[in-house]
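Per-entry structural report
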Amino acid sequence: MRIALLSDIHANLEALDACLRHAKQQAIGRFAILGDLIGYGADPSPVIERVGNLVADGAIALKGNHDEALSRPDASLTHEALAVIDWTRVRLNSDQVAFIEGLPLIVREYDACFVHASADAPHEWRY
C-alpha cells in the first residue's frame, strides 16, 4: 500500500486540499499526517475537520510541537508562533481542541515508525 506523508500543514487549508487531491491522483491507499496541523495559517478549524475525516477513514495523525503548544505553551517557539497559537485557541471548538490534545506523539505499525520530532525522544522538539 502506498502511504502519503503530510507534515507541517500549519492551518493552510488550500495547501492541504492541493496535497490531498494530488495524493488521490497517485492512488494513495493511506495517509499519515505527521503533526503541526495548526499554527501560522488562517484555517485551523477546517484543517482539523479534514484531518479528522481522514483519521475516521484510517489515516494516522500525530501531534506536532505547534499542536502541543495549544495546551502547553512552549517557550522555545517564537513570539509570533505563540501569538498565532493564542489566536487559534479561540477559533476552535471543544471537540477540535480535544482532537488535537488526543493525538499521539508517535505511532509504530509493523516496521514503520511515524513521528513529528525524533523517534528516540518524540516529546522533545529539537531543532
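These lines cover the structure that appears in this document, whether it is placed above or below.

**Things to note about the sheet that holds strand 2 (residues 30-33)**
The three strands lie next to each other as 1-2-3, forming an open sheet whose pairing is parallel. Where the open sheet ends on each side, the last strands, each with one partner, are strand 1 (3-6) and strand 3 (60-61). Of the strands in this sheet, strand 1 and strand 2 touch helix 1 (residues 13-25), which is tilted by about 165° from strand 1.

**Points about the packing of helix 1 against helix 2 (residues 44-56)**
Helix 2 packs onto helix 1 with a crossing angle of 25° between their chain directions and a minimal axis gap of 9 Å. Put simply, helix 1 runs roughly parallel to helix 2. Relative to helix 2, helix 1 is oriented so that their crossing is left-handed. Contacts between helix 1 and helix 2 involve Leu13, Leu16, Asp17 and Leu20 from the former and Pro46, Val47, Arg50, Val51 and Leu54 from the latter. Considered class by class, the residues forming the contact of helix 1 with helix 2 number seven nonpolar, no polar and two charged.

Conventions we followed
- Residues numbered from 1 in each chain as written.
- Predicted model: local features only at pLDDT ≥ 70, side-chain atom pairs only at ≥ 80, totals over all residues.
- Heavy atoms only, no water.
- Pairing = 2+ DSSP bridges.
- Helix = DSSP H or I, 4+ residues; strand = E, 2+ residues; numbered from the N terminus.
- Contact = heavy atoms within 4.5 Å.
- Axes fitted to C-alpha atoms, helices over the stretch in contact; angles between N-to-C directions.
- Parallel < 35°, antiparallel > 145°, perpendicular 65-115°, else oblique.
- Left-handed = near helix turned anticlockwise from the far one by under 90°.
- Nonpolar A, V, L, I, M, F, W, Y, C, P; charged D, E, K, R; others polar.

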